[in-house]
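Structural characterization, general
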Amino acid sequence: MSRIIDGKAISAQVKENVGREVAELKEKGVAVGLAVVIVGDDPASRVYVNSKKKTCGELGISSEEYALPAETTEEELLALVQKLNEKPEVNGILVQLPLPKQIDEKKVIAAISPQKDVDAFHAENVGKIMIGSYQMLPCTPAGCMDLIHSTGIDLTGKHCVVVGRSNIVGKPMAMLLLHENATVTICHSRTRDLKSVCLQADVLVAAVGKEKLITADMVKPGAVVIDVGMNRDANGKLCGDVDFAAVSQVASAITPVPGGVGPMTIATLMRNTVTAAKLQNGLL
Ligand code: GUN
């Protein structure tokens with residue numbers, strides 16, 4: 001039976017540190033603010049945005065929500081991003097993805113000022129991650145790294161397998177693991193014999209969005225398993241990409257869903273917002 005990695009507890013520690021930093025900045029006359037933009041009425045996006053705003057409130061970060069209708073044009077959204085880029089009390093800009101199909105996500109991401117890009121999605125920040133000199137961490141991968149570190153594993157020379165190649169999770173996750181001297185394999189929908197690759201993993205990160213994709217026969221005994229999936233099962237219950245009940249019998253440590261990666265993503269976003277405020281005030 002594996003150790004359950006408690007994302008709620010670990011994220012609470014991160015948030016405590018962020019809250020302390022926010023208070024210290026306030027004493028120096030620096031207020032920290034995040035703008036959250038949501039377009040349309042995707043129910044999952046609404047849940048995430050509410051959770052981000054609530055956490056801001058708990059940590060003393062001011063948040064402004066911009067809820068735009070589903071039929072918003074690309075020009076309108078770009079104009080709002082421009083306005084937020086120029087607004088000094090906004091340190092971080094988060095445009096919740098996905099966006100409606102009439103809007104080109106790439107153009108919107110490119111329009112966000114890199115210094116306010118608290119998701120680290122802008123090409124400038126992605127490039128910095130690639131060369132290993134970054135200040136803004138991609139939220140979900142950074143959260144996963146904190147969870148991996150909590151197990152005490154030394155990643156040097158370990159084989160880490162990332163299943164999923166998205167710009168938000170898979171690709172930056174692979175980079176962060178590489179920076180810690182792991183040997184990294186990225187798998188995706190065209191990978192041949194996924195099972196045999198996964199079986200080699202000392203650390204297995206699943207970020208695909210497919211319920212029970214990772215079964216117990218795909219996991220090496222003693223592996224650390226990080227489940228980034230956020231799916232709904234047939235009963236509408238939140239579940240990850242990993243068959244938790246079976247894999248937890250094989251892995252040495254595993255994240256649950258919910259209560260694993262999810263809370264860490266938000267905690268990292270808060271940390272990035274403080275970093276952005278420091279950058280903009282010449283404190284970094
Ligand atoms: N949609 C799913 N995950 C994310 C995220 O980390 N940031 C943003 N902006 N949108 C998302």
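Our subject in this report is the structure included herewith. (Residues numbered from 1 in each chain as written. Predicted model: local features only at pLDDT ≥ 70, side-chain atom pairs only at ≥ 80, totals over all residues. Heavy atoms only, no water.)

All right, on to a nonpolar patch on the surface then. Together, M1, I4 and F244 line one region of the surface with nonpolar side chains, adding up to about 300 Å² of accessible area. When you line up the elements, F244 lands in helix α9 (residues 244-247). (Patch = residues over 30% accessible without salt bridge, like charges linked within 9 Å, V, L, I, M, F, W, Y side chains within 5 Å. Areas by Shrake-Rupley, 256 points an atom, 1.4 Å probe, with all protein chains shown as cover. Salt bridge = Lys/Arg side-chain N within 4 Å of Asp/Glu carboxyl O. Helix = DSSP H or I, 4+ residues; strand = E, 2+ residues; numbered from the N terminus.)

Time to look at the site of the ligand. Close to the ligand lie L94, V95, Q96, L97, D119 and F121, which account for all nearby residues. Here a nitrogen atom of the ligand sits 2.9 Å away from a polar atom, N or O, in the main chain of L97. Taking D119, its side chain carries an N or O atom lying 2.7 Å from a nitrogen atom of the ligand. The protein chains hide 83% of the 280 Å² of surface that the ligand would expose on its own. (Near = heavy atom within 4 Å. Polar contact = N/O pair within 3.5 Å; in protein donor to acceptor, adjacent residues only side chain to side chain.)

The next point concerns the sheet that holds strand β6 (residues 183-187). Strand order in the open sheet formed by six strands is β1-β11-β8-β7-β5-β6, with parallel pairing between adjacent strands. In the strand order of this sheet, the two ends are held by β1 (3-4) and β6, each with one partner. Bridge count between strand β5 (residues 159-163) and strand β7 (residues 203-206): four bridges; the pairing is parallel. Along β7, the bridge assignment pairs V163 with A206. (Pairing = 2+ DSSP bridges.)

Once that is clear, we can look at empty space enclosed by the protein. In total, this model carries one cavity of 30 Å³ or more according to the counting rule given. In this model, the largest cavity occupies a volume close to 40 Å³. Contributing to the lining of the largest cavity are V95, L97, I109, I112, D117, D119 and F121. Class assignment for the residues of the lining of the largest cavity results in five nonpolar, no polar and two charged. (1 Å grid on protein atoms, 1.4 Å probe; cavity = no way out; pocket = protein on both sides within 12 Å on 5 of 7 lines; lining within 4 Å. Points joined across faces, edges and corners; volume = space filled by probe spheres on them. Nonpolar A, V, L, I, M, F, W, Y, C, P; charged D, E, K, R; others polar.)

Turning our eyes to something else, we now look at a positive patch on the surface. There is a patch of like positive charges on the surface, built from K106, R165, K171 and R190. Take R190: it is sitting in the loop between β6 and α8 (194-198). (Lys, Arg positive; Asp, Glu negative; His and termini not counted. Charge placed at Lys NZ, Arg CZ, Asp CG, Glu CD.)

There is about 250 Å³ of room inside the second largest pocket. Around the second largest pocket, the lining comprises 15 residues; the ones closest to its centre are K237, C239, G240, V242 and F244. Here the lining of the second largest pocket is composed, by residue class, of eight nonpolar, one polar and six charged.

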